[in-house]
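Close look at the chain arrangement
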Amino acid sequence: MGRFQGFFISGWMALLTVTFFTQATLARPSSKASAPVRTSAPAPATPMMNSWSSEEMYEIQSSLSGGQYETSKSGSTSISALEAKLSIAKLIKNNIQGGAELSFYNNSGGAVSRSYFQIAGFGVYNLTSILKDTYYVKGGLGLFNTINDTGKDESKFGFFAGGGKRIPLWNQITYSPEARIWKIGSQDMTFSIYFLNLSLFF
């Protein structure tokens, strides 16, 4: 009987010990920190391409403000006058262009005949990269025609600064009115507005 009581007490104590350690183990916080769950970063949004985004490298601009051809007849003498201006610009980087401008004038027949060329290099800074629909500023320098004290044409070094706005008309063509301030040789500064400028991009 005493031996049976000893086995009973020993078994009871063992059961209590196992129960105590089991509860202590379950209550103890884990020593290993849970690995953070990695979430993939959202894919960057694909920028929307504007249909007027600048993909064209060249711009040809023709000024119809000064461009003209006239012919007339005085007695037996025929008189003709031709004036034209054309420029070409290339996209250099982002919204910056560089180019050259050529002007030609010829007046033949009559008492006085005149003929001259004007050539200039220029740079353009566009306020946005959408070249066909943006404000821009322009500056250039070159050789321009002027009339000297004897009334004859001569070329003088000069420069101009100005700006304008391109307005989309149709496909690759824009309307580009422009204003400029000129300084040629020792002459006073002059101001010009070109209302009939057209540009072709390609």
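Since this is a predicted model, take the numbers as computed values, not measurements.

**Some points on the side chain of Thr146**
Structurally, the position occupied by Thr146 is in strand 6 (residues 135-147). Filtering out sequence-adjacent residues up to four positions away, Thr146 remains in contact with Lys152, Asp153, Glu154, Lys156, Ile184 and Gln187.

**Here we look at the nonpolar core**
Ala89, Ala120, Phe122, Val124, Tyr136, Phe144, Phe160, Trp182, Ile184 and Tyr194 together form the largest nonpolar core, which totals 10 residues. Of all the secondary-structure elements, those providing two or more residues to this core are strand 5 (114-126), strand 6 and strand 10 (178-184). Per-element accounting of this core gives the leading share, 3 residues, to strand 5.

**So, the environment of Thr146**
When its relative accessible area of 7% is taken as the criterion, Thr146 is described as buried. Along the sequence, Thr146 and Tyr116 sit 30 residues apart, while their C-alpha atoms lie 9.8 Å from each other.

**Quick word on the environment of Leu91**
Looking at the secondary structure, you find Leu91 in strand 3 (residues 77-93). A residue is classified by how much of its surface remains accessible, and Leu91, at 10% relative accessible area, is buried. In sequence terms Leu91 and Glu59 are 32 residues apart; their C-alpha atoms lie 8.2 Å from each other.

**Remarks on unusual backbone geometry**
Even without a glycine there, the phi angle at Asn94 is positive, about 50°. Checked against the element boundaries, Asn94 lands in the loop between strand 3 and strand 4 (96-108). Judged by relative accessible area, Asn94 falls into the exposed class, the value being 59%. You will see that Asn171, though not glycine, has its phi angle at about 50°, which is positive. The exposure class of Asn171 is partly exposed, given its relative accessible area of 47%.

**Focus on the pattern of salt bridges**
This model, assessed by the stated rule, comprises 7 salt bridges. The partner of Arg180 in a salt bridge is Glu101, and the shortest N-O contact between them spans 2.6 Å. With a gap of 79 residues between them, Arg180 in strand 10 and Glu101 in strand 4 connect regions that are remote in the sequence. In this structure Glu101 comes out as buried when scored by relative accessible area, which is 4%.

**Topic: the packing of aromatic side chains**
Taken as a whole and judged by the stated rule, the model has 5 aromatic pairs. On the basis of an interplanar angle of 15° and a centroid distance of 5.4 Å, the ring pair of Tyr58 and Phe202 is categorised as stacked. Of this pair, Tyr58 sits in strand 1 (residues 58-63) while Phe202 sits in the segment after strand 12 (197-201), placing them 144 residues apart in sequence. Taking the relative accessible area as the measure of exposure, Tyr58 reaches 31% and is therefore partly exposed. Phe202 gets classed as partly exposed once you look at its relative accessible area, which sits at 45%. Arranged with centres 4.8 Å apart and planes meeting at 45°, the rings of Phe104 and Phe117 form a pair that is tilted. Note that Phe104 is positioned in strand 4 and Phe117 in strand 5, a separation of 13 residues in sequence. Chaining the aromatic ring pairs together yields one cluster made of Phe144, Phe160 and Trp182. Over the face of the ring belonging to Tyr135 we find Lys165, whose NZ or CZ atom lies 5.5 Å from the ring centre.

Analysis parameters
- By convention here, each chain's residues receive numbers from 1 onward along its written sequence.
- Selection of residues for local features in this predicted model requires a pLDDT of at least 70, selection of side-chain atom pairs for listing and counting requires 80 or more, and totals for whole chains, interfaces and linings are taken over all residues.
- Computation of side-chain values covers all heavy atoms of the structure but excludes hydrogens and water.
- Strands here mean DSSP runs of E at least two residues long; helices mean DSSP runs of H or I at least four residues long; both are numbered from the N terminus.
- Should any heavy atoms of two residues lie within 4.5 Å, those residues are counted as being in contact.
- Among the buried residues, those of types Ala, Val, Leu, Ile, Met, Phe, Trp, Tyr and Cys that are joined through side-chain atoms within 4.5 Å form a nonpolar core.
- Burial classification: accessible surface area is computed with a 1.4 Å probe over protein chains only, and a residue below 20% of its type maximum counts as buried, one above 50% as exposed, and the rest as partly exposed.
- What makes a salt bridge here is a side-chain nitrogen of Lys or Arg within 4 Å of a carboxyl oxygen of Asp or Glu, nothing more.
- Centres within 6.5 Å make a pair out of two Phe, Tyr or Trp rings, where for Trp the six-membered ring is used; the pair is then stacked when the planes are under 30 degrees apart, edge-to-face when over 60, and tilted otherwise.
- To sit over a ring, a charge needs its Lys NZ or Arg CZ within 6 Å of the ring centre and within 35 degrees of the ring normal.

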